[in-house]
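Spelled out from the first residue to the last, the chains are:
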Amino acid sequence: MKLMKTEDAVGQVLCHDITQIIRGEKKGPVFRKGHIITKEDIPVLLSVGKDHVYIWENDETKMHENEAAQILYELCRGDHMHPSEVKEGKIELIADSDGLLKVDAQKLKAVNSLGEMMIATRHGNFAVKKGDHLAGTRIIPLVIDKAKMDRARKAAGSGRILNILPFHHKKAAIVTTGNEVYYHRIEDTFTDVIREKLAEYDTEVIGHEICSDDDTMTTAAIHKFLAAGADLILCTGGMSVDPDDRTPLAIRNTGSRMITYGAPVLPGAMFLLSYYGEKNIPIVGLPGCVMYAKRTVFDLVLPRLMADDILTKADIDALGEGGLCLNCPVCTFPNCGFGK
């Protein structure tokens, strides 16, 4: 690539797109990479501020921005996504299906740290819809060393920086606990909230059982739903540390594998997550805040459960940064800092 006075560039090949911006009317390429400059093009190029243009020259050590952007795309591209048209060294990635976006933060940082290239993504572990823009990539200079792109490949390693885990159909069951509900002293208003949350995904509620504070009754209800084919069981009530709050004990007694009782999220500190059996069926204990707060830990975890993204204790611990909901007068979740 070499720089040449525009008036002297007739017959030469542009090595980059030339953008024209007219306020309120257009922003786009007036000439594309590879265009052969004619005498009639000179006034147009001058009118967009191009007193000099970059002309393509063969150099075996260099790579054009668009070719290099394709490499960044390949490093990012996981399942269920496709690229935009490449232009000016930029390619965006677009979702082909609804699902949970996964981002390998270490690989992303490793590539971005090389300089002269960038990848910007949405936050991982949040739901995306078909057609959503997931990420944008760009090569900063017009040409880049091939050796640097080789380093980008090495930095990214095997696998892809982005992936979409599709959501799965779930047969959900709800177990409501508490003497006050069981003996009809108060109305159960928790279950309707859970049903509304589940309705955002492909779920069917196959059963709802109301239990007293007797932990053996709750354990039996959970086993009943497991036998009925439930692949997601949500327990409400009895999740605090009061002596008569026995839902955590009831869940433990099912033989499920406890991941956490407690989460660094407000609202949602008394959240419980366990998995049952080889199929890793989630059995979840939901604290009372899920009933009355607009957004809670349940909104952060549910998309991951729906995508069969198996959560570890470390995953829950990582929710602490961004785990404070600010209870904004107008809720804009997930377009806010909660969970990020």
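Above: the structure in question.
Just so you know, these numbers come straight off a predicted model, no measurement behind them.

Visitor: Please explain the overall build of the protein chain as it appears in this structure.
Guide: Counting secondary structure elements, the protein chain contains eleven helices and 19 strands. Dimensions along the principal axes, computed over C-alpha positions, put the protein chain at roughly 90 × 40 × 30 Å. Counting the 340 residues in the protein chain, one finds 43% classified as buried. Within the protein chain, contacts between residues separated by at least 24 positions form 67% of all contacts whose residues are at least 6 apart in sequence. Averaging the locations of the 41 positively and 47 negatively charged side chains of the protein chain gives two centres separated by 4 Å.

Visitor: For this particular structure, what's the right way to read the environment of Gln 12?
Guide: With respect to the secondary-structure elements, Gln 12 resides in the loop between strand E1 (2–5) and strand E2 (18–22). Gln 12 sits in the partly exposed class, given a relative accessible area of 28%. Expressed as a C-alpha distance, the spacing of Gln 12 and Glu 200, which sit 188 residues apart in the sequence, is 56 Å. Ignoring any residue separated from it by four or fewer positions in sequence, one finds Gln 12 in contact with Met 4, His 35, Ile 36, Ile 37 and Ile 55.

Visitor: How do you make sense of the sheet that holds strand E8 (residues 99–103) when you look at a structure like this?
Guide: Strand order across the open sheet formed by three strands is E10-E8-E13, with antiparallel pairing between neighbours. A single partner strand is all that each edge strand has here, and the edge strands are strand E10 (127–128) and strand E13 (162–166).

Visitor: Looking at this structure, how should I read the pattern of salt bridges?
Guide: Between side chains of opposite charge, a pair can form when the charged atoms approach closely. Tallied over the full model, the rule gives 16 salt bridges. Across the pair Glu 74 and Arg 77 runs a salt bridge, and its minimum N-O distance is 2.9 Å. Take Glu 74: its relative accessible area is 29%, and that puts it in the partly exposed class. We classify Arg 77 as partly exposed; its relative accessible area is 29%. Between Arg 295 and Asp 299 there is a salt bridge, with the nearest N and O atoms lying 2.8 Å from each other. In this structure Arg 295 comes out as buried when scored by relative accessible area, which is 16%. Among the ionic contacts, a cluster of salt bridges with common partners joins Lys 102, Arg 304, Asp 309 and Asp 315.

Visitor: Teacher, can you tell me more about helix H4 (residues 146–156) here?
Guide: Structurally, the α-helix is built with 3.6 residues per turn, so residues lying three or four positions apart point the same way. All of the buried residues along H4 are Lys 148, Met 149, Ala 152 and Ala 156. Around the axis of H4, the buried residues are gathered within 100 degrees of arc, so they sit on the same side. Taken together, the buried residues of H4 touch strand E5 (62–64), helix H2 (65–76), helix H3 (105–112), strand E9 (117–121), strand E11 (133–139) and strand E12 (143–145). At the exit of H4 stands Gly 157, carrying a positive phi of roughly 65 degrees.

Visitor: What exactly am I supposed to notice about the side chain of Ser 256 here?
Guide: Tracing the backbone shows Ser 256 in the loop between helix H8 (247–252) and strand E17 (257–261). Within polar-contact distance, the side chain of Ser 256 engages the backbone oxygen of Ile 251 at 3.2 Å. There is a polar contact of 3.1 Å between the side chain of Ser 256 and the side chain of Ser 274.

Visitor: Any chance you could explain a negative patch on the surface here in plain terms?
Guide: There is a patch of like negative charges on the surface, built from Glu 187, Asp 192, Glu 196 and Glu 200. Considering the arrangement of structural elements, one finds Glu 187 in the loop between helix H5 (179–182) and helix H6 (190–198). According to the relative accessible area criterion, Glu 187 is exposed, its value standing at 65%.

Visitor: What am I meant to see in unusual backbone geometry here?
Guide: Both trends apply: most residues other than glycine have a negative phi, and most peptide bonds are in trans. Of the consecutive residues Leu 266 and Pro 267, the connecting peptide bond is found in the cis state with omega at 0 degrees. Examined against the element boundaries, Pro 267 turns out to sit in the loop between E17 and strand E18 (272–276). Across the junction of Phe 333 and Pro 334, the peptide omega takes the value 10 degrees, indicating a cis bond. Tracing the backbone shows Pro 334 in the segment after helix H11 (313–317). In this model, Asn 125 sits at a positive phi of 65 degrees, which is unusual for a non-glycine residue. Tracing the backbone shows Asn 125 in the loop between E9 and E10. For Asn 125, a relative accessible area of 25% corresponds to the partly exposed category. Its identity is not glycine, yet Asn 280 carries a phi of approximately 55 degrees, on the positive side.

Rules used in this analysis
Residues numbered from 1 in each chain as written. Predicted model: local features only at pLDDT ≥ 70, side-chain atom pairs only at ≥ 80, totals over all residues. Heavy atoms only, no water. Helix = DSSP H or I, 4+ residues; strand = E, 2+ residues; numbered from the N terminus. Buried < 20%, exposed > 50% of the residue type's maximum accessible area, 1.4 Å probe, protein only. Contact = heavy atoms within 4.5 Å. Lys, Arg positive; Asp, Glu negative; His and termini not counted. Charge placed at Lys NZ, Arg CZ, Asp CG, Glu CD. Pairing = 2+ DSSP bridges. Salt bridge = Lys/Arg side-chain N within 4 Å of Asp/Glu carboxyl O. Arc of directions from axis to C-beta. Polar contact = N/O pair within 3.5 Å; in protein donor to acceptor, adjacent residues only side chain to side chain. Patch = residues over 30% accessible without salt bridge, like charges linked within 9 Å, V, L, I, M, F, W, Y side chains within 5 Å. Areas by Shrake-Rupley, 256 points an atom, 1.4 Å probe, with all protein chains shown as cover.

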